[in-house]
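For reference, the chains in residue letters:
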Amino acid sequence: MSTRTRIAFLKGHGTENDFVIIPDPDNALDLPPAVVAALCDRRAGIGGDGLLHVVRSAAHPEARDMAGDAEWFMDYRNADGSVAEMCGNGVRVFARYLQHAGHVTEGDLAVATRGGVKTVHIAKAGPGSGSAAGDVTVGMGRAGLPEGEVTVGVGERNWPARNVNMGNPHAVAFVADLAHAGDLYSRPAFGPATAYPDGVNIEFVVDRGPRHVAMRVHERGSGETRSCGTGACAVAVAAARRDGADPAVTGTPVTYTVDVPGGTLVITERPDGEIEMTGPAVIVAEGEIRPEWLETVAPAADTPVENVNQ
Ligand SMILES: N[C@@H](CCC[C@H](N)C(=O)O)C(=O)O
């Protein structure tokens, strides 16, 4: 019989970028990469593009210095167990979880991430709210646009790409047809090899209309996903520059609608460079992880875990 107790989890998604959510306010759980990967496994685990470990900032060594600005830290992991700096859809779902658990109400809050403190607004839901019920807006910070030529390739095809940093690395390629990106479960080639020493998320983009694009993405550490919030921001900035629009020059905000396979995100870049992303965030289910199953993934002696309360 296992000595472990049960661990609470929830499942949520934002434009079908889906996450296992593990509430752990006191940072009492050990979540090594093998456990994260097992939880995110779609056949043998719960299934998800990533995992949102919900911890009080004061209780996490990577977030303690942000605790004065943001009570909660999004300790984000990719599906393969690797750590990432930021997850745009994840922040919206993280905020929705905090609301669901009664830690916050609709309105403004701050969330600590490895990419810094992000401001979040949970819109009032329901008729007459003036916005789609349940939408969440995140202040994503500014885009970095590193100099230098980058290319991405799938099979025989190669495209020039824009290097955009949204706290995490992106390569954005404009293509004639999203089908040309092929099977994005495996990572497309990129060059030069030195452009992304820590790996990269790669977006393929087509035009849909004025300031309206559609994208597919290969996410570092997760494969093809049905949406990527930081990716949609990178795409909006790359599209704006390609279209000759720079809010810092014109003094006018620029908004792009970005269709992803799992829905639509709206991205606005302001004259000061700050980027806002708006989209849905949904909690789908909640339950408990069976200790007997966890034991098969990571024996208790190696990775002691304790129960948590939401
Ligand atoms: N899906 C996320 C991005 C998650 C992190 C990414 N895979 C990385 O490794 O940088 C989003 O919505 O931004």
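Residues numbered from 1 in each chain as written. Predicted model: local features only at pLDDT ≥ 70, side-chain atom pairs only at ≥ 80, totals over all residues. Heavy atoms only, no water.

Within the secondary structure, glutamate 286 is located in strand 18 (residues 282–289). Looking at glutamate 286, the relative accessible area reads 46%, which means it is partly exposed. Along the chain, glutamate 286 and alanine 37 lie 249 residues apart, while their C-alpha atoms are 19 Å from each other. For glutamate 286, the side chain forms a polar contact with the side chain of histidine 100, separated by 3.2 Å. (Helix = DSSP H or I, 4+ residues; strand = E, 2+ residues; numbered from the N terminus. Buried < 20%, exposed > 50% of the residue type's maximum accessible area, 1.4 Å probe, protein only. Polar contact = N/O pair within 3.5 Å; in protein donor to acceptor, adjacent residues only side chain to side chain.)

What follows covers the domain arrangement of the protein. When cut into domains, the protein gives domain 1 (6–141 + 282–307) and domain 2 (150–273). Using only C-alpha atoms to locate each centre, domain 1 and domain 2 end up separated by 24 Å. Residue-level contacts link 19 residues of domain 1 with 22 residues of domain 2. Of the roughly 1300 Å² buried at the junction of domain 1 and domain 2 (both faces included), carbon and sulfur atoms supply 45%. Linking domain 1 with domain 2 are 2 salt bridges. The residue glutamate 85 makes a salt bridge to arginine 220 at a minimum N-O spacing of 2.7 Å. Taken together, domain 1 and domain 2 are joined by 11 residue pairs in polar contact (both at pLDDT 80 or more). Residue assignment for the side of domain 1 that touches domain 2 shows that the elements contributing at least two residues are strand 4 (72–78), helix 2 (88–100) and strand 7 (136–141). Element by element, the count of residues in the side of domain 1 that touches domain 2 is highest for helix 2, at 3 residues. Across the side of domain 1 that touches domain 2, the residue classes tally to 6 nonpolar, 8 polar and 5 charged. (Domains from an automatic or database assignment. Contact = heavy atoms within 4.5 Å. Buried area = accessible area lost by both parts, 1.4 Å probe. Salt bridge = Lys/Arg side-chain N within 4 Å of Asp/Glu carboxyl O. Nonpolar A, V, L, I, M, F, W, Y, C, P; charged D, E, K, R; others polar.)

As a further point, take the packing of aromatic side chains. Scanning all chains against the criterion turns up 3 aromatic pairs. Between tryptophan 159 and phenylalanine 204, the aromatic rings sit 5.5 Å apart at their centres with planes inclined by 75°, giving edge-to-face as the arrangement. Placement of tryptophan 159 in strand 9 (residues 157–165) and of phenylalanine 204 in strand 12 (residues 201–209) is noted, with a sequence separation of 45 residues between them. For the pair phenylalanine 190 and tyrosine 196, a centre-to-centre distance of 5.4 Å together with 85° between the ring planes defines the contact as edge-to-face. Take phenylalanine 190: its relative accessible area is 18%, and that puts it in the buried class. Residue classification places tyrosine 196 among the buried residues on the basis of a relative accessible area of 5%. We note arginine 242 situated over the ring of phenylalanine 174; from NZ or CZ to the ring centre the distance is 4.4 Å. (Phe/Tyr/Trp six-rings, centres within 6.5 Å; stacked < 30°, edge-to-face > 60°. Lys NZ or Arg CZ within 6 Å of the ring centre and 35° of its normal.)

Of all hydrophobic cores here, the largest spans 52 residues; its most connected members are Met74, Val120, Met215, Val258 and Ile267. Considering each element in turn, this core owes the most residues, 9 residues, to helix 3 (residues 229–242). Mapped onto the domain boundaries, this core takes at least three residues apiece from domain 1 (6–141 + 282–307) and domain 2 (150–273). Every residue in contact with methionine 215, bar those within four places of it in the chain, is listed here: Leu178, Glu203, Phe204, Val205, Cys228, Gly231, Ala232, Val235, Val258, Asp259, Val260 and Pro261. In terms of nonpolar packing, the next biggest core, distinct from the first, is built from 17 residues, Ala161, Val175, Val200 and Ala214 among them. (Core = buried A, V, L, I, M, F, W, Y, C linked by side-chain atoms within 4.5 Å.)

It is worth spelling out helix 1 (residues 33–40) at this point. Note: α-helices contain 3.6 residues per turn, so residues at a spacing of three or four share the same orientation. Turning to helix 1, its buried residues are Val35, Val36, Ala38, Leu39 and Cys40. Buried residues belonging to helix 1 abut strand 2 (17–23), strand 3 (50–56), strand 4, strand 18 and helix 5 (291–297).

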